[in-house]
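# Commentary on secondary and tertiary structure
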Amino acid sequence: MTVSVMIDFETLGLSENAVLLSLGAVAFDPSTGELGSEFYSAIDPRTQPNRDIDPSTVLWWLKQDDAARSKITDALKFTDMIESGEVDALEGEAVEEVFENAAHPIHHVARAFINWVEHFNDEVEVWTNGAVDHAWLESMMKYSGLKNPIKFWDQRDYRTLKNLYPDVTAEFSGVKHDALDDAIHQAKHAMAILRAHGVGPASNTINVDDQYDIELEE
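The shown structure was predicted, so the numbers you read here are calculated from the model rather than taken from an experiment.

## Quick look at the packing of helix α2 (residues 66–84) against helix α3 (residues 93–101)
Running from amino to carboxyl end, α2 crosses α3 at an angle of 115°, the nearest separation of the two axes being 8 Å. As the angle between them shows, α2 and α3 are arranged roughly perpendicular. When the axes of α2 and α3 are compared, the crossing they make is left-handed. Listed contacts from α3 to Ala75, Phe78, Met81 and Ile82 of α2 are Glu97, Val98, Phe99 and Asn101. Looking at the contact of α2 with α3 residue by residue, the classes come out as six nonpolar, one polar and one charged.

And the structure:
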């Protein structure tokens with residue numbers, strides 16, 4: 001059995017060597033329309049010397065919604081709270097929020113993603129919105145001195161899929177440019193396309209939020 005996974009990166013550039021800000025991923029099953037296990041981590045840009053920052057991308061970020069930008073800046077704030085010991089003054093859910101949403105060093109995120117992929121105990125194919133996310137995944141692994149757990153023949157392109165079948169649409173829910181929300185949206189849209197064109201009942205237009213009763217797993 002092959003497990004399908006959609007991933008999405010947020011970055012400070014478009015080159016393969018761009019500074020990475022976050023990685024979101026979600027498993028999905030096109031045959032049932034269901035989403036599965038999720039992965040998300042903010043990536044501390046201060047742990048990425050010699051990687052590229054594109055000024056035009058920085059300016060683009062300044063124009064995005066506060067919710068998307070705050071996800072990144074809050075992660076850095078939480079990291080600083082942990083490193084300074086300020087988190088020790090917090091209790092209960094406040095402590096959990098800090099540790100769950102803090103930005104982590106790039107090599108820690110790379111290792112955590114490998115562990116997440118390996119927990120499926122099966123072959124994993126990875127979908128992305130274009131080739132550049134595959135390049136960022138490969139670059140993150142090489143930069144961290146690790147081997148990419150995804151073979152090149154298991155790379156899939158959601159962007160090509162959606163352009164081939166523009167008749168199937170999907171409404172976005174969540175925060176755009178949040179890596180996990182983007183990955184979830186892309187997975188749901190990909191499933192709708194695949195089910196409409198070969199893996200289930202055909203339909204001209206599918207609103208995936210209405211069509212499928214999907215539960216997100218921790």
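## Some details on the packing of aromatic side chains
Taken as a whole and assessed by the stated rule, the structure comprises eight aromatic pairs. Aromatic side chains phenylalanine 9 and tryptophan 136 sit 6.2 Å apart centroid to centroid with 75° between the ring planes, which places their arrangement in the edge-to-face category. On the criterion of sequence distance, the pair formed by phenylalanine 9 in strand β1 (residues 2–11) and tryptophan 136 in helix α5 (residues 131–143) is long-range, its members being 127 residues apart. This pair shows no difference in class: phenylalanine 9 is buried, exactly as tryptophan 136 is. The ring of tyrosine 40 carries the charged tip of lysine 71 above its face, separated from the ring centre by 4.2 Å. The ring centre of phenylalanine 172 lies 5.7 Å from the NZ or CZ of lysine 176, which sits over that ring.

## Observations regarding the packing of helix α4 (residues 106–118) against α5
Closest axis-to-axis distance for the α4/α5 pair is 9 Å, and the angle between their directions is 115°. By the angle between their directions, the pair α4 and α5 is classed as roughly perpendicular. Read as a crossing pair, α4 and α5 show a hand that is left-handed. Seen from α4, the contacting residues are Ile106, Val109, Ala110, Phe113 and Ile114; seen from α5, they are Leu137, Met140, Met141 and Tyr143. Among the residues making up the contact of α4 with α5, the classes are represented as nine nonpolar, no polar and no charged.

## Focus: the pattern of salt bridges
Within this structure, the stated rule accounts for six salt bridges. In this structure, arginine 156 engages glutamate 125 in a salt bridge whose closest nitrogen and oxygen atoms are separated by 3.1 Å. Note that arginine 156 is positioned in strand β6 (residues 155–157) and glutamate 125 in strand β5 (residues 123–128), a separation of 31 residues in sequence. Note on arginine 156: relative accessible area 27%, which makes it partly exposed. Overlapping salt bridges bring together Asp44, Arg46 and Asp80 as one network.

Conventions and cut-offs
- Residues numbered from 1 in each chain as written.
- Predicted model: local features only at pLDDT ≥ 70, side-chain atom pairs only at ≥ 80, totals over all residues.
- Heavy atoms only, no water.
- Axes fitted to C-alpha atoms, helices over the stretch in contact; angles between N-to-C directions.
- Helix = DSSP H or I, 4+ residues; strand = E, 2+ residues; numbered from the N terminus.
- Parallel < 35°, antiparallel > 145°, perpendicular 65-115°, else oblique.
- Left-handed = near helix turned anticlockwise from the far one by under 90°.
- Contact = heavy atoms within 4.5 Å.
- Nonpolar A, V, L, I, M, F, W, Y, C, P; charged D, E, K, R; others polar.
- Phe/Tyr/Trp six-rings, centres within 6.5 Å; stacked < 30°, edge-to-face > 60°.
- Buried < 20%, exposed > 50% of the residue type's maximum accessible area, 1.4 Å probe, protein only.
- Lys NZ or Arg CZ within 6 Å of the ring centre and 35° of its normal.
- Salt bridge = Lys/Arg side-chain N within 4 Å of Asp/Glu carboxyl O.

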